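# Understanding the architecture of this molecule
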Amino acid sequence: MPRLVIEGTQWGDEGKGKITDFLAQTADVVVRFQGGNNAGHTINFNHEKYALKLVPSGIFNPRIKNVIANGVVVNPKALIEELEGLESRGITEYQLFISNRAQILMPYHIDLDAANEAVLGKSNIGTTKKGIGPCYMDKASRNGLRMGDLLNLDYLKERLETVLPIKNLELKSYGLKEYSFDELFELLISWKNKLEKHIIDTSILINEEIEKDKKILFEGAQGVMLCVEHGTYPYVTSSSPLACSVPLNTGIAPKYIDNVLGITKAYTTRVGEGPFATEINDDIASYIREKGHEYGTVTKRPRRIGWLDLVVLNHAKRTSGITSISLMLLDVLGGLNKIKICTKYQLNGKEIDYIPSNLLDYQNCIPVYEEFDGWKEDITSCKTFDELPINCQKYLNRIMEVTRLPISIISVGPDREQTIVMKDVWKND
Ligand code: GDP
Ligand code: IMO
Ligand code: MG
């Protein structure tokens, strides 16, 4: 069963980068399928730390084909800088393929993102201000430019001539600086010169790899609660990280998705605005934030902290067919006297076990908690489930019981080595 989707089950930053890198050791292809450089995936190995944004987490292994698929919005400037950053650290031999159908994120998307947020005022989304929303808007309104357009300058010229007047009208309505055709065309040509060797039809490549029965890892960005369809709309990103979006966003048939690994923090974090039922703001939150270094990889904002929410995890399971859980940052909870898990909500005096679509209702949900005794032992060098303190095992067992999902991986530290594998995630039971 060689196709596996890595999916964040909360509000992002669950540790997808670490697990993608870990599993990439046994993969042939790693595919990013949505989002853009709003993502920040941290990877630690050989005492080095890397923060990847657009580049798939298989980049460190020259054997692996890394794909940026059609569902991604590519800021070529950011991508070039990221690749140059990797090259300056000795990562020079890599295979990278960019879909000719991926959207190009233009400078005006970034301007419009900031302007939208400013107009929204106190109702702002708290975006990463990387231009992600406006770029996906242009894709849907058919005013986008695509990476493949860079390969034919006549077509590129025609497309820019078509869309620029519309974008300038929009910029003007916000009182923002307009762009000239020449400055943008020059920029696009400089990007073409650096990136054209990577641009291909990646749907063909991925399907060829499937034919050869190669192991393919689909690396999601963000998390289910930030999904534009199933998240806490409008406090979401503008794409869907769900496994069911993989076929559309990569150009493969749905039948090729075999397994979905739900990457889940042992607690919860969120950056940006929007409801968060299990959020805590006390000393425990500060303890977790400092111990888990919970500051945004992209924006450096302090992440909001809360207890693990199994209503959220069950929502992720139902909407995306998660087949097992990878439980992350378990070590961070060590040292706490008591640990809580939310299993249900109370809304207007009634118990519910789903996420209300209406945000006013969601804001009024009161978490119903189960409380567990904590553990004092350092678990960062544990290699098996049995080596974990008994209270820690009880915590994990309860998660499996409520979600009716197996935990296949337990992460006890940021490094590749600090990973307990309970089950082969490439195989279906
Ligand atoms: P992603 O966006 O889902 O890839 O997650 P991020 O990289 O933004 O955030 C996860 C953070 O947790 C990073 O700093 C990782 O290095 C770190 N991390 C991942 N797994 C573990 C773990 O098991 N324990 C600890 N202490 N840190 C971890
Ligand atoms: P990774 O892949 C956490 C959040 C932003 C904001 C909302 C919309 O590292 O898990 P956007 O810039 O996408 O329009 O912002 O989504 N957000 C993330 N939060 N991790 C991410 O990515 C995120 N990408 C976007 O903070 O609330
Ligand atoms: Mg992140």
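Let me sum up the structure you'll find in this document. In this text, all values refer to a predicted model and were calculated from it rather than measured experimentally.

## Examining the site of ligand 1
For ligand 1, the set of nearby residues contains 20 residues, the closest of which are Lys16, Gly17, Thr42, Asp331 and Ser411. Contacts to ligand 1 include Asn44, whose side-chain N or O atom sits 3.2 Å from an oxygen atom. Contact distances for ligand 1 include 3.1 Å between an oxygen atom and a backbone N or O atom of Gly413. Taken by itself ligand 1 offers 590 Å² of open surface, and the protein chains cover 94% of this. Taken together, the residues of the shell around ligand 1 break down into five nonpolar, nine polar and six charged. Summarising the domain contributions, the shell around ligand 1 has at least three residues from each of domain 1 (3-99 + 202-256) and domain 3 (263-421).

## So, the nonpolar core
If you look at the biggest cluster of nonpolar residues, it comprises 73 residues, and the most contacted ones within it are Phe218, Leu330, Leu388, Tyr395 and Ile399. Broken down by element, this core gets its largest block of residues, five residues, from helix H12 (residues 390-403). Split by domain, this core shows at least three residues from each of two domains, domain 1 (3-99 + 202-256) and domain 3 (263-421). Each residue touching Leu330, except ones within four places of it in the same chain, is listed here: Ala266, Trp375, Ile379, Leu388, Cys392, Tyr395, Leu396, Ile410 and Ser411.

## Details of the sheet that holds strand S7 (residues 95-99)
The 10 strands lie next to each other as S9-S7-S5-S2-S10-S1-S11-S16-S20-S21, forming an open sheet whose pairing is mixed. Two strands bound the open sheet, and with one partner strand each, they are strand S9 (199-200) and strand S21 (419-421). Bridging between strand S5 (residues 65-68) and S7 involves four bridges; their strand directions are parallel. Paired with Ile68 across the two strands is Ile98, which belongs to S7. Taken strand by strand, helix H1 (residues 16-24) contacts strand S1 (3-8), strand S2 (29-32), strand S10 (216-219), strand S11 (259-265), strand S16 (324-328), strand S20 (407-411) and S21, and its axis lies near 165° from that of S1.

## Some details on the packing of aromatic side chains
Considering all chains together, one arrives at nine aromatic pairs under this definition. Judged by centre distance (5.2 Å) and plane angle (20°), the rings of Phe181 and Phe185 are stacked. Here Phe181 pairs with Phe185, and both are found in helix H6 (residues 181-195), just four residues apart, close to one helical turn. Between Trp375 and Tyr395, the ring centres sit 6.3 Å apart and the planes meet at 55°, which makes this aromatic pair tilted. A residue pair is termed long-range when its members are at least 10 positions apart, and Trp375 in the loop between strand S19 (366-373) and H12 and Tyr395 in helix H12 qualify at 20 residues. A residue is classified by how much of its surface remains accessible, and Trp375, at 1% relative accessible area, is buried. Three or more aromatic residues joined by ring pairs make a cluster, and in this case those are Phe45, Tyr50 and Phe60. When the ring centre of Tyr50 is taken as origin, the NZ or CZ atom of Arg89, which lies over that ring, is 4.0 Å away. Seen from the ring of Phe45, Arg416 lies directly overhead, with NZ or CZ sitting 3.9 Å from the centre.

## Structural notes on the environment of Arg101
Position of Arg101 relative to the elements: it lies in the loop between S7 and strand S8 (103-104). Sequence-wise, Arg101 and Arg146 are 45 residues apart; in three dimensions their C-alpha atoms are separated by 5.6 Å. Discounting chain neighbours no more than four positions away, the residues touching Arg101 are Asn70, Arg146 and Asp201. Engagement of the side chain of Arg101 in a polar contact is seen with the side chain of Asp201, the distance being 3.1 Å.

Basis of the calculations
Residue positions are given per chain, counting from 1 as you read along its sequence in written order. Chains carry letters from A onward and ligands carry numbers from 1 onward, assigned in written order. Only residues with pLDDT of 70 or above have their local features reported here, since the model is predicted, and side-chain atom pairs are shown and tallied only from 80 upward, although totals for entire chains, interfaces and linings are computed over all residues. Side-chain descriptors were evaluated using all non-hydrogen atoms of the structure, hydrogens and water having been removed beforehand. Proximity criterion: a residue is near a molecule or strand once any of its heavy atoms comes within 4 Å of it. Definition of a polar contact: a pair of N or O atoms within 3.5 Å, with one able to donate and the other able to accept a hydrogen when the atoms are protein atoms, and with sequence-neighbouring residues admitted only if both atoms are side-chain atoms. All accessibility values rest on the Shrake-Rupley procedure with a 1.4 Å probe; residue burial counts only the protein chains present in the view. Only Asp, Glu, Lys and Arg are considered charged in this grouping, and only Ala, Val, Leu, Ile, Met, Phe, Trp, Tyr, Cys and Pro are considered nonpolar; every other residue, Gly among them, is considered polar. Where a domain begins and ends is set by an automatic assignment or by a domain database. Here, nonpolar core means buried Ala, Val, Leu, Ile, Met, Phe, Trp, Tyr and Cys residues that are tied together by side-chain atoms lying within 4.5 Å of each other. Only protein chains enter the area calculation, which uses a 1.4 Å probe; residues under 20% of their type maximum are buried, those over 50% are exposed, and those in between are partly exposed. Here a strand is any run of E in DSSP of at least two residues, a helix any run of H or I of at least four, and the numbering for each starts at the N terminus. The criterion used for residue contact is that any of the two residues' heavy atoms lie within 4.5 Å. Strand pairing is assigned whenever DSSP detects at least two bridges linking the two strands. To obtain each axis, a line is fitted to C-alpha atoms, and for helices this fit is confined to the stretch in contact; angles are then taken between N-to-C directions over 0 to 180 degrees. Any two rings among Phe, Tyr and Trp, with Trp reduced to its six-membered ring, count as a pair given centres within 6.5 Å; such a pair is stacked if its planes are under 30 degrees apart, edge-to-face if over 60, and tilted if neither. Ring-over charges, as used throughout, are those where CZ of Arg or NZ of Lys falls within 6 Å of the ring centre and within 35 degrees of the ring normal.

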